[in-house]
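# An overview of the molecular structure
As a plain string of letters, each chain reads:
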Amino acid sequence: MQEKILVLDFGGQYNMLIARRVREQHVYAEIRPYNRITPDEIREGGYRGIIFTGGPNSVYDSASPHYDPAILELGIPILGICYGQQLMAWMAGGEIASAESGSEYGKVTVRLSPCALFDGVPESSVCWMSHTDYVKTVPVGFAVTAVTDNCPCAAMADEARALYAVQFHPEVTHTAFGREMLHNFLFGVCRCAGDWRMDDFVGSAVEKYRVQLAGKRVLCALSGGVDSSVAAVLLHRAVGERLTCVFVDHGLLRKDEGDLVERVFRRQFNMNLIRVDARERFLSRLAGVTEPEKKRKIIGEEFIRVFEEEGRKLGHVDVLAQGTIYPDVIESGAGDASVIKSHHNVGGLPDVIDFESIVEPLRDLFKDEVRAVGLELGIPAELVMRQPFPGPGLAVRVLGEITEEKLAVLREADAIFRQEVDAAGLSDAPSQYFAVLTNNRSVGVMGDARTYGWTVALRAVTTDDFMTADWTRLPFEVLASASSRITNEVKSVSRVVYDITSKPPATVEWE
Ligand code: XMP
C-alpha cells in the first residue's frame, strides 16, 4: 500500500502548504476535512502519521472543529500545528488560555528542548507564529519542548505515544528549521521510506480514470494554460479518442495565443480539438461590467454555456473535465478557508449544468506538482513551464470596463513586456510576469503635443506556490526598455509603472 500521511484539516489558510511540504519530502500526503473521516476510517486507511492543521478557532467555542479523542489512542504518530496543538492538548485533558498580552504574530525566537521532532535543530531559532490562544497546562504524559518569551508552551510532546505538537508553523518558510522538523516527524517518528514520486501519481490517476470513465465521452475545457493542458493530456492517456477538447477563444487571450494552442494540441498531440470563436459573445456579455467578481462570474458561466452547447453538438457527452488545481480550490473558499477570489473554474460554476459529472484530476496538486506531472506525461517543457495564465484571461488585467480597444492595447503592451524579459534571458526569474491596463489615463507629452493616454502597469512576481509571492526585482534596464518600447510602439499609452507589491497584501492579479 502507498505510504501516506493524513493531513486532518481544521480549516486554516496554511493548510495546503503542510501537504505540499510533506510531498516535497517524497511522502504522499492526503488532505481530509476533519468532519469527513472517522477514527475507524483513519485506522483502516493505513496512514503512517497524522498532522492536525491550524485553524482560526478557539477550542472552547462550541462551534469550533473538535475531534474524537480516540484518535490519540490509534497508535499512529500525530503532529499538531497551531490550533492542532491546542486541540491535541484539549483532547488529552490540558488547559488552553487566551494570551493576556494579545496575539503573538510573526517571527519569534523559540528555545527548544531535545525531542525526536527537534533532532539536529539548533536550540534557539526563528519560527513563525500566529496565535492568540496557547496551551497553559500540558496534559498528563506531555512535556513542554519549546518556549518563547511570550508563550510558555511553544511545543509539547508525549514521546511514549509519539504525540507531538507545535504552536508555530513549521510549514512556512519563515520558520528557519521547519523543513528539518517535518523531516524528523516523517522519517524519525513515522518511519516513512520517502519513496513517493510524481510518476506514481500519473500511473494511478490514469488507471483511476480509465476505470471511472470507461465507455464515457469526456469534454475537456482547454484554456491552453498549464493546468488545463496537463489535465487534458492526462485524461487523453486514460480515455484516448473519447476525449474531446474544447478551446474557447473568448477574446481575452494574449497575443497569438489561440493559434499556439491550436497548433500544439491538434498537430502535436493529435487530440480531438474544437476551437470555438466566442469572442463577440463574451465581449457583449461583459459590456459595461466593471466589478471584478462579476466579470469572473460572467466568464465562468459563459464558459459552461459554451461547453454545454458544444457538448450537445457532439451528441452525448457524459463528463466535463477541468484543470482546477488545489490553490484554486482553497482560494475559492471550499472547506473552511475564507473566500479571497472566486476562481472561475470553481466558485463561478452555475447551479445548472448539463453534464452528468465533473472530473478535476489535478484538484489536489500544487502548481509545481502539476508541472512535474506535465513533464512526466511528455508535454514539451516550453508549454509545461509556461507561466500561469488565469482562466478569465485578460479580463482581470483590463481594469474596469472591458472593451476591444483596451484589450488590443493590453495585448500589445503585454507582448512587449514579455519579449523584453525573455530577451534579457530572464524568463525563468519571475514565476509570472505580465502587463495590466489600469483604468487610469494620465497626461503626457509627445513631440510638442499634450497626450492623455492609458497607464500600463507591469507586474512580475516570484513565488513557488502562488499563495504568497514577492515582487521580482527585475533589472532596471529591462524595465527601461519595456517602458520605452511600450510608450513608443503602443498608441494611446502614455505612462508605464512597475508594481512593487507583494502578496499579501496584494494578490498576483489586479482583479
Ligand atoms: P491571485 O491573483 O489570486 O493569483 O493572487 C494567484 C494565481 O492564480 C492565477 N489566477 C487564476 N487562475 N482562474 C485561474 O485559473 C482564475 O480565476 C484566476 N485568478 C488568478 C493568477 O494568475 C496567479 O497565477
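Right, let's walk through the structure included here. Here the residue numbers are simple positions, counted from 1 along each chain's written sequence. The predicted nature of this model means local features are confined to residues of pLDDT at least 70 and side-chain atom pairs, given and counted, to a pLDDT of 80 or more, with totals for whole chains, interfaces and linings taken over all residues. As a rule here, side-chain values cover all heavy atoms of the structure and leave hydrogens and water aside.

### A few points about the overall build of the protein chain
Secondary structure elements follow DSSP: runs of H or I no shorter than four residues count as helices, runs of E no shorter than two count as strands, and numbering proceeds from the N terminus. Regarding its fold elements, the protein chain presents 14 helices and 20 strands. Taking 2.2 N^0.38 as the reference for a compact globule, 511 residues should give roughly 24 Å; the C-alpha atoms of the protein chain span a radius of gyration of 25 Å, in line with that estimate. If you line up the protein chain on its principal axes, its C-alpha atoms span 75 × 60 × 40 Å. Buried means the residue's accessible area, taken with a 1.4 Å probe over protein chains only, is under 20% of the maximum for its type, while exposed means over 50%, and partly exposed covers the values in between. Here the protein chain holds 511 residues, and the buried ones make up 58% of them. Pairs at least 24 residues apart make up 74% of the contacts formed inside the protein chain by residues separated by at least 6 positions. Carbon together with sulfur atoms contributes 49% to the accessible area of the protein chain, which is approximately 21,200 Å² in total. Placing the 54 positive and 71 negative side-chain charges of the protein chain at their respective mean positions leaves the two points 5 Å apart. Each radius of gyration reported is based on C-alpha atoms, and the globular scaling rule is 2.2 Å times the count of residues to the power 0.38. When checking whether two residues touch, look at their non-hydrogen atoms; a contact exists if any pair is within 4.5 Å. Residue-level accessible areas treat just the shown protein chains as cover; the underlying method is Shrake-Rupley with a 1.4 Å probe. Neither His nor the chain termini are counted; the positive set is Lys and Arg, and the negative set is Asp and Glu. Here the site of a charge means NZ on Lys, CZ on Arg, CG on Asp, or CD on Glu.

### A short note on a negative patch on the surface
Residues qualify for a patch when their relative accessible area is over 30% and they have no salt bridge, like charges being joined within 9 Å and the nonpolar side chains of Val, Leu, Ile, Met, Phe, Trp and Tyr within 5 Å. Salt bridges, as used here, are contacts in which a Lys or Arg side-chain nitrogen is within 4 Å of a carboxyl oxygen on Asp or Glu. Taken together, Asp195, Asp199, Asp200 and Glu376 make up a surface patch of like negative charges. Of note, Asp199 is situated in helix 5 (residues 198-212). When its relative accessible area of 39% is taken as the criterion, Asp199 is described as partly exposed.

### Quick look at the nonpolar core
Across soluble globular proteins, nonpolar side chains show a tendency to be buried alongside one another. What is meant by a nonpolar core is a set of buried Ala, Val, Leu, Ile, Met, Phe, Trp, Tyr and Cys residues, joined one to another through side-chain atoms within 4.5 Å. Core analysis: the largest hydrophobic core is formed by 92 residues, its most contacted members being Phe201, Phe265, Phe307, Leu362 and Leu458. Broken down by element, the residue count for this core peaks at nine residues, all from helix 6 (residues 226-239). In this structure, Ile31, Tyr164, Cys192 and Tyr326 belong to the second largest nonpolar core, which totals 42 residues.

### Description of the sheet that holds strand 14 (residues 272-277)
For two strands to be treated as a pair, DSSP must find no fewer than two bridges joining them. One open sheet accounts for five strands, arranged 14-13-12-15-16; its pairing is parallel. Because the sheet does not close on itself, it has two edges, and the strands there are strand 14 and strand 16 (357-359). Averaged over all pairs of adjacent strands, the angle between their axes in this sheet comes to 25°, without regard to strand direction. Looking at chain direction, strand 12 (residues 218-222) and strand 15 (residues 319-321) are connected through three bridges and run parallel. Only C-alpha atoms enter the line fits that serve as axes; for helices the fit covers just the stretch in contact. Angles between N-to-C directions range over 0 to 180 degrees.

### Some words on the side chain of Lys503
Along the chain, Lys503 turns up in the segment after strand 20 (493-498). What makes Lys503 buried here is its relative accessible area of 10%. In the analysis that follows, any N or O atom pair within 3.5 Å is treated as a polar contact, provided that within protein one partner can donate a hydrogen and the other can accept it, and provided that, for residues neighboring in sequence, both atoms belong to side chains. Polar side-chain contacts of Lys503 include one of 2.8 Å to the backbone oxygen of Phe466.

### Observations concerning empty space enclosed by the protein
Put simply, the grid is 1 Å and covers the protein atoms alone, a cavity is a trapped set of points that fit a 1.4 Å probe, a pocket is an open set with protein on both sides within 12 Å along at least five of seven lines, and lining residues have an atom within 4 Å of a point. Grid points are joined across faces, edges and corners, and a volume is the space filled by probe spheres set on the points. Taken as a whole and judged by the stated rule, the model has two cavities of 30 Å³ or more. Of the pockets and cavities examined, the second largest cavity occupies roughly 30 Å³. Taken together, Ser223, His250, Leu253, Phe303, Phe389, Pro390 and Gly391 form the lining of the second largest cavity. Ten residues, namely Ala, Val, Leu, Ile, Met, Phe, Trp, Tyr, Cys and Pro, are considered nonpolar, four, namely Asp, Glu, Lys and Arg, are considered charged, and the remaining ones, Gly among them, are considered polar. Looking at side-chain class alone, the lining of the second largest cavity contains four nonpolar, three polar and no charged residues.

### Notes on the packing of helix 5 against helix 6
Between helix 5 and helix 6, whose axes approach to 8 Å, the crossing angle comes to 55°. Viewed along their axes, helix 5 and helix 6 adopt a mutual orientation that is oblique. Handedness of the helix 5/helix 6 crossing: right-handed. Contacts between helix 5 and helix 6 involve Phe201, Val202, Ala205, Val206, Tyr209 and Arg210 from the first element and Leu234, Leu235, Arg237, Ala238 and Val239 from the second. Here the angle decides the label: under 35 degrees means roughly parallel, over 145 means roughly antiparallel, 65 to 115 means roughly perpendicular, and every other value means oblique. Left-handed describes a crossing whose near helix is turned anticlockwise from the far helix by less than a right angle; the clockwise case is right-handed.

### As for the state of the cysteines
In plain terms, two cysteine sulfur atoms within 2.5 Å form what is called a disulfide here. Scanning the model with the defined rule gives zero disulfides in all. Free of any disulfide, Cys153 has its nearest cysteine sulfur in Cys151, 6.4 Å distant. The exposure class of Cys153 is buried, given its relative accessible area of 1%. The closest cysteine sulfur to the non-disulfide-bonded Cys192 is located on Cys190, 5.1 Å from its own sulfur.

### Quick look at the packing of helix 13 (residues 404-423) against helix 14 (residues 476-489)
Put simply, helix 13 and helix 14 touch, their axes get as near as 9 Å, and they point 150° apart. Between helix 13 and helix 14, the interaxial angle falls into the category roughly antiparallel. Every pair of crossing elements has a handedness; the one defined by helix 13 and helix 14 is right-handed. Taking contact as the criterion, the partners of Ala413, Ile416, Phe417, Gln419, Glu420 and Val421 in helix 13 are, on helix 14, Val478, Leu479, Ser481, Ala482, Arg485, Ile486 and Glu489.

### Looking at unusual backbone geometry
Looking along the chain, the bond that leaves Lys503 and enters Pro504 is cis, with omega of -15°. On the secondary structure map, Pro504 appears in the segment after strand 20. Across the junction of Pro504 and Pro505, the peptide omega takes the value 10°, indicating a cis bond. Phi angles above zero are rare outside glycine, and His26 is one such case at about 65°. You can see His26 is positioned in the loop between helix 1 (15-24) and strand 2 (28-33). In the Ramachandran plot, Asp256 falls in the positive-phi region, its phi being about 65° despite a non-glycine side chain. One can find Asp256 in the loop between strand 13 (243-249) and helix 7 (257-268).

### A word on the sheet that holds strand 11 (residues 163-166)
As summarised here, the arrangement of the nine strands in space is 2-1-3-4-11-10-9-6-7, forming an open sheet in which the pairing is mixed. Either end of the sheet is taken by a strand with one partner, and the two such strands are strand 2 and strand 7 (124-131). Pairs of neighbouring strands in the sheet enclose a mean axial angle of 25°, with direction left out of account. Relative to strand 11, strand 4 (residues 78-81) runs parallel, the two being bridged by four bridges. Counted as the bridge partner of Gly80 is Ala165 from strand 11. In the packing of helix 4 (residues 178-189) onto the sheet, the strands contacted are strand 1 (4-9), strand 3 (49-52), strand 4, strand 6 (104-112), strand 7 and strand 11, and the crossing angle to strand 4 comes to about 160°.

These figures come from the coordinates and say nothing about function on their own.
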